[in-house]
Amino acid sequence: MHPVRQFSRLIIQIHRKNIWLSEMASIGFVVLVAISLSGAAVSIVRKEADINSQQKRIEQLKTQKVALERSLKVLHEKDKIASTLQNYARSQISSHTLADLVNLVFENSKTFGYDPLLVLAVIHVESVFDPQALGRYRSGALSGAMGLMQLKFSTAQEVAQDLGIVLTFPEDLLRPEVNIPLGVAYLTRLIAQFNSFKLGVLAYNLGPGTVSRSLHKKHPLPLRYYRKVLRSYYALRDQAESEA
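Residues numbered from 1 in each chain as written. Predicted model: local features only at pLDDT ≥ 70, side-chain atom pairs only at ≥ 80, totals over all residues. Heavy atoms only, no water.

Engineer: Before we go on, may I ask you to explain the pattern of salt bridges in this structure?
Structural biologist: Tallied over the full model, the rule gives five salt bridges. Residues D162 and R189 are paired through a salt bridge, measuring 2.3 Å at the closest nitrogen-oxygen approach. Of this pair, D162 sits in helix α4 (residues 153–163) while R189 sits in helix α5 (residues 176–194), and the two are 27 residues apart along the sequence. Judged by relative accessible area, D162 falls into the exposed class, the value being 59%. In this structure, R175 and E177 form a salt bridge, with 3.1 Å as the shortest nitrogen-oxygen distance. (Salt bridge = Lys/Arg side-chain N within 4 Å of Asp/Glu carboxyl O. Helix = DSSP H or I, 4+ residues; strand = E, 2+ residues; numbered from the N terminus. Buried < 20%, exposed > 50% of the residue type's maximum accessible area, 1.4 Å probe, protein only.)

Engineer: Would you take a moment to explain the layout of surface pockets for this structure?
Structural biologist: The method is simple in principle: a probe with the dimensions of a water molecule rolls over the atoms, and the space it marks as empty is what remains. Taken as a whole, the largest pocket holds about 910 Å³ of empty space. Forming the boundary of the largest pocket are 24 residues, of which E126, R136, S143, N205 and Y225 lie nearest the centre. Listing elements by their share of the lining of the largest pocket, those giving two or more residues are α3 (116–127), β1 (134–136), β2 (142–146), α6 (197–206) and α8 (224–243). Looking at the lining of the largest pocket element by element, the count peaks at five residues for α6. Across the lining of the largest pocket, the residue classes tally to 12 nonpolar, six polar and six charged. (1 Å grid on protein atoms, 1.4 Å probe; cavity = no way out; pocket = protein on both sides within 12 Å on 5 of 7 lines; lining within 4 Å. Points joined across faces, edges and corners; volume = space filled by probe spheres on them. Nonpolar A, V, L, I, M, F, W, Y, C, P; charged D, E, K, R; others polar.)

Engineer: What exactly am I supposed to notice about α5 here?
Structural biologist: Within an α-helix, residues lying three or four positions from one another point in the same direction, as the helix has 3.6 residues per turn. Its 19 residues give α5 an end-to-end C-alpha distance of 27 Å, which sits within 8% of 27 Å, the value for a rise of 1.5 Å per residue. With 14 of 19 residues buried, α5 is to be regarded as a mostly interior element. (Expected span 1.5 Å × (residues − 1).)

Engineer: What should I look at first to understand the environment of L151 in this one?
Structural biologist: Mapped onto the elements, L151 comes out in the loop between β2 and α4. Residue L151 is classed as buried on the basis of its relative accessible area of 3%. Contacts of L151, omitting those with residues within four sequence positions, involve G144, A145, M146, A156, L173, N179, L182, G183, Y186 and Y204. (Contact = heavy atoms within 4.5 Å.)

Engineer: Teacher, can you tell me more about the packing of α5 against helix α7 (residues 208–216) here?
Structural biologist: Think of two packed helices as two axes; the pair is described by the angle between the axes and how far apart they sit. Contact geometry of α5 with α7 gives a least axis separation of 12 Å together with a crossing angle of 15°. What the angle tells us is that α5 and α7 run roughly parallel. The two elements α5 and α7 meet at a crossing, and its hand is right-handed. Here Y186, L190, Q193 and F194 of α5 come into contact with α7, specifically with P208, V211, S212 and L215. Looking at the contact of α5 with α7 residue by residue, the classes come out as six nonpolar, two polar and no charged. (Axes fitted to C-alpha atoms, helices over the stretch in contact; angles between N-to-C directions. Parallel < 35°, antiparallel > 145°, perpendicular 65-115°, else oblique. Left-handed = near helix turned anticlockwise from the far one by under 90°.)

The following block contains the structure:
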């Protein structure tokens, strides 16, 4: 073969080998970059997953914190009611009645938007915290009022129907879990009816008919019951503040 041709062929072969090596190097570089990028992508995905998991955990902890704070607040308020009653009522109330009163007064006060001590004041004036109390007229005859909040059966039936509570027998009113919700609901109805806390409290004692007629005829209303409720409320409040 001619030397020039042989030399040219050798140059072409070397050139092709260089191209092939160069392509292989490029491919290898691309593969390394791809591997690095995929590794980085996996690392990023894992970190994002960890961050999302941590964020969810933080949200869970925040929710638990709010729930615990609410529970602590409830326990604190119930403890205030219990300690106030124990020191204010003393021997007038049994430990069993105390536990019932604390829970029922707290729940129904929050339901209807009252200070629990105000509900306790009404109960104190009505029955002196006696669940079995039976109301009497000055003559000594039974008035028909029963239980802690001294409800009459006919009145309680009307309120029970509105609340969806089944009230079958008058004796049901001697159960605190029946009497207190109905009593607080009835007081709320009267306050709304007369658009006045004072008149609502008076109507609870005198009856809404009596209050309406007195207002219509512009006759003065006896305030003794209203003042007794306020005195009891202030006494309970002072007791609670001294306990605090």
